[in-house]
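Descriptive structure summary
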Amino acid sequence: QVQLVESGGGLVQAGGSLRLSCAASGRTFSSYFMGWFRQAPGKEREFVAAISWSGGRTYYADSVKGRFTISRDNAKNTVYLQMSSLKPEDSAVYYCAAKPAGRDYTRAYEYDYWGPGTQVTVSS
């Protein structure tokens, strides 16, 4: 069992930066593949980034590649999403999620555990 709680969201101007954190509870955090998803009003939840259990492999949606960086600190049971050069279209509720290895990391339904989400709003 893994419980996840996101933090770090807020209001930022276009071009600014934010760092989201996702704190996990549970002794098996380091064995999980972690992902970040986002959902804007009226839209489906979409994949943003993912990271392997060791942190050695990272994956990004094309829309955020080069602007966002995912990382994790297994000693602190925390995964991060550093977001830079933010755009108004990045505004959404951001969720972190955990899944075992071996499933499609881009598909939300493959993840077993979810946090409640944190709101990110980028003003133009």
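None of these values were measured; they are calculated from a predicted model.

In this section: the overall build of the protein. Scanning the protein from N- to C-terminus turns up 0 helices and 11 strands. Listing each helix as α and each strand as β along the protein from the N terminus yields β-β-β-β-β-β-β-β-β-β-β. When the backbone C-alpha atoms are referred to their principal axes, the protein occupies close to 40 × 25 × 25 Å. Residues counted as buried form 44% of the 124 residues belonging to the protein. Of the contacts formed within the protein by residues at least 6 apart in sequence, a portion of 57% connects residues at least 24 apart.

We now examine the environment of Pro116. Relative to the elements of secondary structure, Pro116 occurs in the loop between strand E10 (113-114) and strand E11 (118-123). Along the backbone, Pro116 and Ala97 are 19 residues apart, and their C-alpha atoms lie at a distance of 9.8 Å. Those residues in contact with Pro116 that sit more than four places away from it in its chain are Leu4, Val5, Glu6 and Tyr95.

Right, let's get into the packing of aromatic side chains. Across all of its chains, the model carries 10 aromatic pairs by this definition. Ring centres of Phe47 and Tyr105 lie 5.5 Å apart, and the angle between their planes is 55 degrees; on these two criteria the pair is classed as tilted. Linking Phe47 in strand E5 (residues 46-51) with Tyr105 in the loop between strand E9 (92-99) and E10, this pair joins segments that are 58 residues apart in sequence. Classification of Tyr105 by relative accessible area gives partly exposed; the value is 25%. Plain terms: the ring middles of Tyr95 and Trp114 are 6.3 Å apart, the flat faces sit at 80 degrees to each other, and that makes the pair edge-to-face.

Definitions and limits used
Residues numbered from 1 in each chain as written. Predicted model: local features only at pLDDT ≥ 70, side-chain atom pairs only at ≥ 80, totals over all residues. Heavy atoms only, no water. Helix = DSSP H or I, 4+ residues; strand = E, 2+ residues; numbered from the N terminus. Buried < 20%, exposed > 50% of the residue type's maximum accessible area, 1.4 Å probe, protein only. Contact = heavy atoms within 4.5 Å. Phe/Tyr/Trp six-rings, centres within 6.5 Å; stacked < 30°, edge-to-face > 60°.

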